[in-house]
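The chain contents come next:
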Amino acid sequence: MSGSSLLDVRGLTKYFPIEEGLLRRVVGHVRAVDHVSLSISRGRTLGLVGESGSGKTTLGRCVLRAIDLTAGEILFHHEGVTTDLAQLSRREMREFRKHMQMIFQDPYSSLDPRKTVFDIVSEPLRINRIAAGKALEDRVRTVLELVGMDVRYMKRFPHAFSGGQRQRIGIARALSINPQLIVCDEAVSALDVSVQAQILNLLKDLQEEFKLTYLFIAHDLSVVEHVSDEVAVMYVGKLVEQAPTQALFTSPRHPYTEALLSAIPRPDPDRPLPETGGIEGELPDPANPPPGCYFHPRCPYAEPICREQEPPLIEIAPGHTSACHFVEELELQGLED
Amino acid sequence: MSDVVLEVKDLHTYFELEEGTLKAVNGVSFTIRKNRTLGIVGESGCGKSVTAQSIMRITPKKNSRINGQILLHHDSGPIDIAQLDEDSDQMRDLRGRDIAMIFQEPMTAFSPVHTIGNQIMEALFVHGENDKRAARKRVISLLDEVGIPAPERRIDEYSFQLSGGMRQRSMIAMAIVLNPRLLIADEPTTALDVTIQSQILRLMKRLQRDNGMAIIFITHDLGVIASMADDVAVMYLGKIVEYGASREIFKNPKHPYTKGLLRSIPKFGEKDGAHLATIKGTVPVPLDPPDACPFANRCGEFIAGKCDVRMPAAIHVAPGHSVNCVLYE
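Residues numbered from 1 in each chain as written. Chains lettered and ligands numbered in written order. Predicted model: local features only at pLDDT ≥ 70, side-chain atom pairs only at ≥ 80, totals over all residues.

Draft legend 1. Spotlight on the overall build of chain B. Regarding its fold elements, chain B presents eleven helices and twelve strands. The C-alpha atoms of chain B give 21 Å as radius of gyration, which agrees with the globular expectation for 329 residues (20 Å, within 12%). Here the C-alpha coordinates of chain B stretch approximately 70 × 50 × 40 Å along the principal axes. In chain B, buried positions account for 47% of the 329 residues. In chain B, 62% of the contacts between residues at least 6 apart in sequence involve partners at least 24 apart. (Helix = DSSP H or I, 4+ residues; strand = E, 2+ residues; numbered from the N terminus. Rg over C-alpha atoms; globule rule 2.2 N^0.38 Å. Buried ≥ 20, exposed ≤ 12 C-beta atoms within 10 Å, placed from the backbone. Contact = placed C-beta atoms within 7 Å.)

Dropping the structure here:
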C-alpha cells in the first residue's frame, strides 16, 4: 500500500430504530451499517459497492457525520494530527467539515433551484468564512474554470443547465474549499453514458492535481473498476470483501462478489449472460436478516456452519480481506481480462 | 415474410409545445420478427421511449402527432396502428392481446388499491374470459412461471407488498397473460439491482424461447443490449443512425456516434490511469431541428457543408447493417 491513510474507519455501526404505534415504541433496529472497518489512503480512491439496502450510502453519510453513528471511530489524519470525528461535537464538526465534501447522485435535486451558480458554488466558502468580496468571486471563478464551466454563466440558475453541467456545478461546490476527502455518492449514475465519461475524467484530473481522496460509492461495477484503487463490497450492512481493484475483479474471495461479477451484462456479444445458473433469490430485509452469514440463503456454496455462525472478516492476502467460512477452500470465478 | 410481426415505416412523432415542435421521433423505420429481439439503444432524449409509446398509441392525445406507418401483421393482412384512433375498441383490443409493454418503474404500472391477481385477471376478463376460477388458476400458474414464490398467496397481495424484483416479475406476468406476439420492454431492469436484473433478463429470454414472442428492448445500457438483442438500432435525437445485427454493431461499429458511445463506457481490465474517450458536448433538445445529421455538432469527423446541410441516407455497409453517415456515402 503506497501512501499513508487519510481516513481509518473502525467498527462503524449505524442502527435505525423501528418505531411502532402511537407512543413510537422502539420494536427493533435496522442494522444499516454493522461494524464496518476500512481505510482510505491519501490521494487514492476507495470504491464502495453493494446493492440497495447494503448500507453503502449510510456509511458515506456517517463518515461525513451528516447523520450520527451508533458506534465506532472515524479517524481522520490531517497535518500530523489524528481526530476521531465520532467524538466531535456538532460545533467542532462544523469547523472540521471544510476538509470533507460530498457529491450527490441527482444533479437535479441537489442544487437549490432558487440560487444562482455563484451562490451555490460560493456557499461553502461563505459558511466557513474562508473568503469574501473579491477573493470569493475569484475563487468561484477558479473552481468553475477547473470543472470546465463557462464563468459567464455564473449568474444563471441551475435549471438552465444539462445534467452533466449541473454535476460539474456540484463538483465545483465541493472543490471550492479545498477539501481533503470527497464522498461521491452515485455521482455519475444519473448521467448519460457519453457525459458520464466526461465527469469520470474530470474527477480523475482533479484528484491528480489536488491529491484528493475519494470514497466512491456506486452500484455500477464497471465504473467502480475504472476509478478505484481499492474496492470494498457491502452486503446488508456488513463488509464482506475488500481488496485492491484488480484482485477483487479477477480473483474474488467471497461468493457474493463472485455473484455480483457474474451478473454484470458485458457490452460484448461474445460474452452473453449465461442462460442458466446465476444467483437466485433476493436481498434479505435488513430489519430481519437471516442468522449466520447474511448471504447463506443465496449462496451456492453454503454449508450448515453458514446458517449458524457469522464468518469473521479475515485477511487472506496483503490488503485482501473476506468474510466467508470457506475462503480458503473455494475456487471462485472472477472476470477474465 | 410470414414471421414479420411489426413493420415501422418512416415514423414521425411530434409534440407541439409553446417553444416549437419537438420532433421526438423523426423518421424511424424497422422490422420486428417472431422470436427475435430488437434492441433500441440511445441516450436520454433520443426518442427510444416515444417510439415505443407511439406503437402502443399511448402518447399524450392533446399535443402529439403521429405520422408514418406502424403495420401490425396478421394472417388476415396488416393493420396500420398509426391510422387507428387511440381510444377505439380495435386499438384497446390490440393492446395486451397483440402488443404488450413493460416499464422501468413497476410501482406506477400497478394500481395500489387492487391486488396483483385482480389486475392480471382483469385483462383476461376484458378479453373474453368469464370463468373466474379458471382465470385465477391461469394467473397463479403464470406467477409461478415468472418465478414468484408461493404464487397462490402472492396473487392476493398488493403491489406495495412486493420487492422491486417481484413487482417487475408481476408486471411481466400481466404483460404476457394474453400471449402477445410483441412485447415492448422500456428500460425494464434499469431500477433493479444487478443480481435481480440478471434474473429478469434470463426470465425474458426463457419466456421468448417458450412462446416465440418478438421483443423490442429499449435501454441506455450497452451491456444489457449486448446480452439481449439480436438486432440493434442506435438512436440519436429522433433518428436511427445505425442499424444491424448485435454482433456487427458491437464488433464493427460504423457511425461516429456508435463508436463514441462504445468507447466511452469503462471496460474491465483497461485501466492504467487512462482517460475514457468522450463525446464532446451534451445531447441537444430536438426542438425544430434542422434537416441535417443530428450528431453533426458533436461529431469529431464533422465535415462542414456536407453534414450540416441534409440528413445522410442509409448506406448498407454489410448485409443487414446500415449506417446514416456521409463518411460512407
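Draft legend 2. Here's a closer look at the sheet that holds strand S6 (residues 99-102) of chain B. All names here are of chain B. The strand order S6-S7-S8-S3-S9-S10-S12-S11 describes an open sheet built from eight strands, whose pairing is mixed. Only two strands of the sheet have a single neighbouring strand rather than two, namely S6 and strand S11 (314-318). For this sheet, the mean inter-axis angle between neighbouring strands, taken without regard to orientation, is 20°. Two elements, strand S7 (residues 182-186) and strand S8 (residues 214-219), share five bridges in a ladder whose sense is parallel. Within the sheet, the bridge partner assigned to Leu-182 lies in S8 and is Ala-214. Sheet strands in contact with helix H1 (residues 48-56) are strand S3 (37-41), S6, S7, S8 and strand S9 (231-236), and its direction is about 145° off that of S7. (Pairing = 2+ DSSP bridges. Axes fitted to C-alpha atoms, helices over the stretch in contact; angles between N-to-C directions.)

Draft legend 3. Spatial organisation of the domain arrangement of chain B. All names here are of chain B. By domain assignment, chain B separates into domain 1 (4-98 + 180-328) and domain 2 (113-178). Look at where the C-alpha atoms of domain 1 and domain 2 centre, and you get two points 30 Å apart. Facing twelve residues of domain 1, the contacting portion of domain 2 comprises twelve residues. Looking at the side of domain 1 that touches domain 2, the elements with two or more residues in it are helix H2 (89-97) and helix H8 (194-211). Taken together, the residues that form the side of domain 1 that touches domain 2 break down as nine nonpolar, two polar and one charged. (Domains from an automatic or database assignment. Nonpolar A, V, L, I, M, F, W, Y, C, P; charged D, E, K, R; others polar.)

Draft legend 4. Spotlight on the environment of Val-28 of chain B. All names here are of chain B. One can find Val-28 in strand S2 (residues 20-33). What makes Val-28 buried here is the crowd of 24 C-beta atoms within 10 Å. Dropping the residues within four chain positions of it, Val-28 is found in contact with Val-8, Leu-11, Thr-51, Lys-239 and Ile-240.

Draft legend 5. Here's a closer look at the sheet that holds strand S1 (residues 5-20) of chain A. Residues and elements named next belong to chain A. Spatially, four strands are ordered S2-S1-S4-S5 in an open sheet, and the strand pairing comes out antiparallel. In this open sheet, the two strands that pair with only one neighbour each are strand S2 (25-41) and strand S5 (81-84). Ignoring which end each strand starts from, the neighbouring axes of this sheet average 20° apart. Two strands pair when backbone bridges link them, and S1 and strand S4 (residues 71-78) are joined in this way by five bridges, in the antiparallel orientation.

Draft legend 6. Representation of the nonpolar core within the structure. In this structure, Leu-215 and Phe-216 of chain A together with Leu-182, Ile-216 and Val-234 of chain B are the most contacted members of the largest nonpolar core, which totals 179 residues. For this core, the element with the highest residue contribution is helix H7 (residues 164-176) of chain B, accounting for seven residues. When neighbours within four sequence positions are excluded, Phe-216 of chain A is seen to be in contact with Thr-45, Leu-46, Gly-47, Leu-48, Cys-184, Val-224, Val-227 and Ser-228 of chain A. (Core = buried A, V, L, I, M, F, W, Y, C linked by C-beta atoms within 7 Å.)

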